[in-house]
Amino acid sequence: DGLSVERPKLLIEDQALFDQALERFPEDPRVLHEAGALLQALGDFPGSADLFERSARLDPSRPRVLMLWLSSALRHLTDRAAFARRLQANLAQDAGDDVSRFMLGVLQHYENDFEGSNQTLSQVESVFDHEARVHVYLAMNDFNLGRRDEALTRLEQQIARYGGEGDPDLYYCRAEI
């Protein structure tokens, strides 16, 4: 159909515009976010992860910015240990680097270190309370540690808070539990 032929052409044209915007506004989290979304749509996950991370560091209060970063960063991650070392180095340089701390908590979750993940993520829960993904990982950590009721309560609270605008994994995890 004509749409499938036009879409790549439009994305390539969009990429040229975003390249210009990134040159002009390299520290604008909105531009970084939108350019990251474009690269993600084009399948450039490492490129989009870099832009989403920069956006998250400049404005971590943007809704879903952490979710988008982790979805790109972890998509085709070939060396999880090297990624964790980079985040740990960031924290060694700046103990207040909550963006790195968040991602380390996510990596701990995927290493099945649910207690460690809870400890790490609880340090950033108040900072990123607006980010449903923090609550998703905390809930699933609780579930995996045998605290089913606590996990369901957390998910239900976040579903009530966000309504239909929340992270879809709130619903997915509730169904899994």
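Up top is the structure these notes are about.
No experiment lies behind these values; they were computed from the predicted model shown.

The rules behind these values
Residues numbered from 1 in each chain as written. Predicted model: local features only at pLDDT ≥ 70, side-chain atom pairs only at ≥ 80, totals over all residues. Heavy atoms only, no water. Helix = DSSP H or I, 4+ residues; strand = E, 2+ residues; numbered from the N terminus. Rg over C-alpha atoms; globule rule 2.2 N^0.38 Å. Buried < 20%, exposed > 50% of the residue type's maximum accessible area, 1.4 Å probe, protein only. Expected span 1.5 Å × (residues − 1). Arc of directions from axis to C-beta. Contact = heavy atoms within 4.5 Å. Axes fitted to C-alpha atoms, helices over the stretch in contact; angles between N-to-C directions. Left-handed = near helix turned anticlockwise from the far one by under 90°. Nonpolar A, V, L, I, M, F, W, Y, C, P; charged D, E, K, R; others polar. Core = buried A, V, L, I, M, F, W, Y, C linked by side-chain atoms within 4.5 Å.

Digging into the overall build of the chain
Assigned secondary structure in the chain consists of 10 helices and zero strands. Ordered by position from the N terminus, the helices and strands of the chain form the series α-α-α-α-α-α-α-α-α-α. Relative to the globule expectation of 16 Å for 177 residues, the C-alpha radius of gyration of the chain, 17 Å, shows essentially globular dimensions. Seen along its three principal axes, the alpha-carbon backbone of the chain occupies a region of about 50 × 45 × 30 Å. A burial count over the chain gives 45% of its 177 residues as buried.

Regarding helix 9 (residues 148-162)
Quick reminder: α-helices carry 3.6 residues per turn. Residues three or four places apart thus point the same way. The end-to-end C-alpha distance of helix 9, which contains 15 residues, comes to 21 Å, matching closely the 21 Å that a straight helix rising 1.5 Å per residue would cover. Three or more residues of helix 9 are buried, namely Ala151, Leu152, Arg154, Leu155, Gln158, Ile159 and Tyr162. Seen end-on, helix 9 carries its buried residues on one side only, within an arc spanning 160°. Relative to its buried face, helix 9 has exposed residues pointing more than 90 degrees away, namely Asp149 and Ala160. At its buried positions, helix 9 is contacted by helix 8 (132-144) and helix 10 (168-176). Phi turns positive, to about 60°, at glycine 163, one or two residues after helix 9.

Let's talk about the environment of leucine 121
On the secondary structure map, leucine 121 appears in helix 7 (residues 114-122). Between the alpha carbons of leucine 121 and leucine 138 there is a distance of 7.1 Å; along the sequence they are 17 residues apart. Residues within four places of leucine 121 in sequence aside, it is in contact with Phe102, Gly105, Val106, Tyr137, Leu138 and Asn141.

Details of the packing of helix 5 (residues 80-93) against helix 6 (residues 98-110)
As a packed pair, helix 5 and helix 6 sit with axes 9 Å apart at the nearest point and diverge in direction by 150°. Classified by chirality, the crossing of helix 6 by helix 5 is left-handed. Residues Arg80, Phe83, Ala84, Leu87, Gln88, Asn90 and Leu91 of helix 5 form the contact with helix 6, whose participating residues are Ser100, Arg101, Met103, Leu104, Leu107 and Tyr110. Here the contact of helix 5 with helix 6 is built from residues that sort into eight nonpolar, three polar and two charged.

Describing the nonpolar core
One finds Leu66, Trp69, Phe83, Leu87, Phe102, Met103 and Phe128 to be the most contacted residues of the largest nonpolar core, which totals 25 residues. Where this core is concerned, the elements lending two or more residues are helix 3 (45-58), helix 4 (65-73), helix 5, helix 6 and helix 8. Residues in contact with tryptophan 69, not counting those within four places in the same chain, are Ala49, Phe52, Glu53, Phe83, Arg86, Leu87, Val99 and Met103. Counting residues in each nonpolar core, the second largest holds 12 residues, with Val136, Ala139, Ile159 and Cys173 among its members.

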